[in-house]
Amino acid sequence: YISEYKILKNPEPKMGCKVEELGLDESISNHLKELKIEQFYKFQEEAIQEITFGENVVIEAPTASGKTEAFLIPVIQKIKKDASDGNVFAIFVYPTKALSRDQYPKIQKFVEKMNIDVKVFDGDTNQVDRRKIIDNPPHILITNFDVLHYHLWHQTKFSSLLSSTKILVVDEAHVY
């Protein structure tokens, strides 16, 4: 017996400000224009502003709605403003190697023209690449909690890189 049946539809996302109205670094704004992104969704605008101001933020939005851009843009903004060479500025943690490896090309493509270095450090990273990351840390490091747990527990050379981290992004936080 069914007492009531409803189909709940997600409302259309609210639009936010134009890209040029957010006060982003010129290289970021220009890159967004190249990607034909002229306006943010409201949740992106708010997340970008809050993260830029140093606030902790949880972003909830449907798949493929622009969450990555909502945290990546302010991270890039902060790197361009505050990062010094030789330090990991931001760590992006994904629940699985597969997801981190899936997101890496998207993030890499977004930042490549802005002189920001991104690397993946996980169980599949070979020894040569691990050494390069330790010797010349990227601005953004993509990993998973298993790798962080192992290296912090064993106090490896990799774990010493983590002390320079200014931003921690946990993607798919609901998994944890």
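Position labels on residues start from 1 in each chain and follow its written sequence. pLDDT decides what is reported in this predicted model: residues at 70 or higher carry local features, side-chain atom pairs at 80 or more are listed and counted, and totals for whole chains, interfaces and linings draw on all residues regardless. The side-chain figures draw on all heavy atoms in the structure; neither hydrogens nor water molecules are used.

Draft legend 1. Focus on the environment of Phe 71. Its location among the elements puts Phe 71 in helix 3 (residues 67–82). In this structure, the C-alpha to C-alpha distance between Phe 71 and Val 57, residues 14 residues apart in sequence, is 9.0 Å. Numbering of helices and strands runs from the N terminus, with a helix taken as a DSSP run of H or I at least four residues long and a strand as a DSSP run of E at least two residues long.

Draft legend 2. View of a nonpolar patch on the surface. Patches in this entry comprise residues that are over 30% relatively accessible and not in a salt bridge; like charges within 9 Å are linked, as are nonpolar side chains (Val, Leu, Ile, Met, Phe, Trp, Tyr) within 5 Å. Reported accessibility uses the Shrake-Rupley method at a 1.4 Å probe radius. Residues are deemed covered only where the shown protein chains occlude them. Note on definitions: salt bridges are taken to be side-chain nitrogens of Lys or Arg within 4 Å of carboxyl oxygens of Asp or Glu. Side chains of Ile 2, Tyr 5 and Ile 7 sit close together on the surface and give an oily, nonpolar patch of about 420 Å² of accessible area. Within the element layout of this structure, Tyr 5 appears in the segment before strand 1 (15–18).

Draft legend 3. Summary view of the pattern of salt bridges. Counting across every chain of the model gives 7 salt bridges. Residue Arg 131 pairs with Asp 135 through a salt bridge whose shortest N-O separation is 3.6 Å. One end of the pair is Arg 131 and the other is Asp 135, both in helix 5 (residues 127–135) and 4 residues apart, which spans about a single turn. Classification of Asp 135 by relative accessible area gives exposed; the value is 54%. Burial classes follow relative accessibility: with a 1.4 Å probe on protein chains only, a residue under 20% of its type's maximum area counts as buried, one over 50% as exposed, and anything between as partly exposed.

Draft legend 4. Inspection of unusual backbone geometry at higher detail. Of note in the backbone geometry, Lys 36 takes a positive phi value of approximately 65° without being a glycine. Mapped onto the elements, Lys 36 comes out in the loop between helix 1 (26–34) and strand 2 (39–41). Phi at Gln 155 takes a positive value of approximately 50°, unusual for a residue other than glycine. Along the chain, Gln 155 falls in the loop between helix 6 (145–154) and helix 7 (157–161).

Draft legend 5. Spotlight on the nonpolar core. Put simply, a nonpolar core is a bunch of buried Ala, Val, Leu, Ile, Met, Phe, Trp, Tyr and Cys residues held in one set by side-chain atoms that sit within 4.5 Å of each other. Ranked by size, the top nonpolar core spans 30 residues in total, and within it Phe 40, Leu 72, Phe 92 and Ile 140 carry the most contacts. With 6 residues, the top contributor of residues to this core is helix 3. Listed in part, the 12 residues of the second largest apolar core include Phe 121, Ile 134, Leu 141 and Leu 162.

Draft legend 6. Spotlight on the packing of aromatic side chains. Aromatic pairs are defined between Phe, Tyr and Trp rings, using the six-membered ring for Trp, whenever the two ring centres lie within 6.5 Å; interplanar angles under 30 degrees are classed as stacked, those over 60 as edge-to-face, and all others as tilted. In this structure the tally under the stated criterion is 3 aromatic pairs. Look at Tyr 41 and Phe 43: their rings are 6.2 Å apart centre to centre, the planes differ by 10°, and that puts the pair in the stacked class. With a relative accessible area of 30%, Tyr 41 lands in the partly exposed category. Considering the side-chain rings of Phe 121 and Phe 158, the 4.0 Å spacing of their centres and the 20° angle between planes classify their relative orientation as stacked. Placement of the pair is Phe 121 in the loop between strand 4 (118–120) and helix 5 and Phe 158 in helix 7, with a sequence separation of 37 residues. Neither residue differs from the other here; Phe 121 and Phe 158 are each classed as buried.

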